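Below are the chains, spelled out letter by letter.
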Amino acid sequence: MEGNRYLTFALGKGRLARQSLELFEKIGITCEEMKDKETRKLIFVNEEEKMRFFLSKGPDVPTYVEYGAADIGIVGEDTILEENRNIFEVLDLGFGRCRMCVCGPKEARDLLKKREWIRVASKYPRIAKDYFYNKKHQTVEIIKLNGSIELAPIVGLSEVIVDIVETGSTLRENGLEVLEEVCPLSARMVVNPVSMKMENERITRLLRMLKEELSIR
Ligand code: PRP
């Protein structure tokens, strides 16, 4: 993969980044210096492949990719939907599978059914708004939070939440349940529209290798 410029990848910090690197290793792309847990470096280079990798907070990945600071990003579909950036979504990587759901105490089921005016806490105000206003045609108040969303109905900040459910154990341990499913989610690869044109050959080749590895046609 000799090119004059580096192909830059933005990876959402945490499990997604680890799974992405494992996947890249399987197709022969490694980045040894990224495995060093002690390092304070922010950007890692694979000179041979002319590739650079950096880790960022999930919601920042679509931003780096839209502005072209990264050619390619790997991030959860939840973040892509919420950020609504001008980027191409090119591949479902299959890992990071979970669901976006409306959750709350079981008593809230009735409020949803009757389309009552309720407060909805979420880290994903755009997704929550789209679901309630455009899909359900229900007027609600959206309250933006930044984490531990399950707290909101417990302490009386909201009647329900819109949040990610993976194993369901956070809900169970806090006496909450899934009331409605908004959509399924998984990790996605996204590409800057200009990079897609300028680096088409390298990106297409990478996509072909990844699809082969993931057994996608
Ligand atoms: C996410 C999500 C839920 C939890 C769901 O939170 O917001 O709280 O994981 O996973 P589970 O169904 O397997 O229990 P995260 O750990 O990312 O942290 P946050 O609460 O700060 O957003």
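Residues numbered from 1 in each chain as written. Predicted model: local features only at pLDDT ≥ 70, side-chain atom pairs only at ≥ 80, totals over all residues. Heavy atoms only, no water.

Quick look at unusual backbone geometry now. In this model, His 137 sits at a positive phi of 50 degrees, which is unusual for a non-glycine residue. By the secondary structure assignment, His 137 is in the loop between α5 (125-135) and β8 (140-144). Even without glycine at this site, Ser 148 takes up a positive phi of about 45 degrees. With respect to the helices and strands, the residue Ser 148 is situated in the loop between β8 and α6 (151-155). Judged by relative accessible area, Ser 148 falls into the exposed class, the value being 54%. (Helix = DSSP H or I, 4+ residues; strand = E, 2+ residues; numbered from the N terminus. Buried < 20%, exposed > 50% of the residue type's maximum accessible area, 1.4 Å probe, protein only.)

What follows deals with α5. Of the positions making up α5, those classed as buried are Ile 127, Ala 128, Tyr 131 and Phe 132. Down the axis, α5 shows its buried residues gathered within 115 degrees of arc, on one side only. Looking one or two residues past α5, His 137 carries a phi angle of roughly 50 degrees, positive in sign. (Arc of directions from axis to C-beta.)

With that out of the way, let us pick up the side chain of Glu 77. Within the element layout of this structure, Glu 77 appears in helix α3 (residues 77-83). Classification of Glu 77 as buried rests on a relative accessible area of 13%. Once residues within four sequence positions are removed from consideration, Glu 77 is found in contact with Pro 184, Leu 185, Ser 186 and Arg 188. (Contact = heavy atoms within 4.5 Å.)

Moving on, we get to a nonpolar patch on the surface. Judged by side-chain polarity, Leu 151, Ile 154, Val 155 and Leu 157 come together as a nonpolar surface patch covering roughly 360 Å² of accessible area. In this fold, Leu 151 is placed in helix α6. (Patch = residues over 30% accessible without salt bridge, like charges linked within 9 Å, V, L, I, M, F, W, Y side chains within 5 Å. Areas by Shrake-Rupley, 256 points an atom, 1.4 Å probe, with all protein chains shown as cover. Salt bridge = Lys/Arg side-chain N within 4 Å of Asp/Glu carboxyl O.)

Turning to the sheet that holds strand β7 (residues 118-122), a few remarks are in order. Across the sheet, which stays open at both edges, the five strands sit in the order β8-β7-β9-β6-β10 with mixed pairing between neighbours. What marks the edges here is a single partner per strand, and that holds for β8 and β10 (177-185). Pairs of neighbouring strands in the sheet enclose a mean axial angle of 25 degrees, with direction left out of account. Note: β7 against strand β9 (residues 160-165), three bridges, orientation parallel. Each bridged residue has a counterpart across the sheet, and for Val 120 the counterpart in β9 is Val 160. (Pairing = 2+ DSSP bridges. Axes fitted to C-alpha atoms, helices over the stretch in contact; angles between N-to-C directions.)

Judged by how many residues are buried, strand β4 (residues 72-76) sits mostly within the fold: five of five residues are covered. Judged from the three bridges that link them, strand β1 (residues 7-12) and β4 form a sheet pairing that is parallel. Considered in β4, the bridge of Phe 9 is made with Ile 72. Here five bridges tie β4 to strand β11 (residues 187-191), and the two strands are oriented antiparallel to one another.

Let us look at the site of the ligand. Around the ligand, the neighbouring residues are Lys 123, Gly 147, Ser 148, Glu 150, Asp 163, Ile 164, Val 165, Glu 166, Thr 167, Gly 168, Ser 169 and Thr 170. Taking Lys 123, its side chain carries an N or O atom lying 2.5 Å from an oxygen atom of the ligand. In the environment of the ligand, an oxygen atom lies 2.8 Å from a nitrogen or oxygen atom belonging to the backbone of Glu 166. In the complex, 66% of the free accessible area of the ligand, which totals 490 Å², lies under the protein chains. For the shell around the ligand, the elements supplying multiple residues, two or more each, are β9 and α7 (169-173). (Near = heavy atom within 4 Å. Polar contact = N/O pair within 3.5 Å; in protein donor to acceptor, adjacent residues only side chain to side chain.)

Before going further, it helps to examine the packing of aromatic side chains. This structure, assessed with the given rule, holds five aromatic pairs. Relative to Phe 53, the ring of Phe 9 has its centre 4.9 Å away and its plane inclined at 20 degrees; by these criteria the two rings are stacked. Here Phe 9 is found in strand β1, whereas its partner Phe 53 is found in strand β3 (residues 51-56), with 44 residues between them in sequence. Here Phe 9 matches Phe 53 in class, with each residue buried. (Phe/Tyr/Trp six-rings, centres within 6.5 Å; stacked < 30°, edge-to-face > 60°.)

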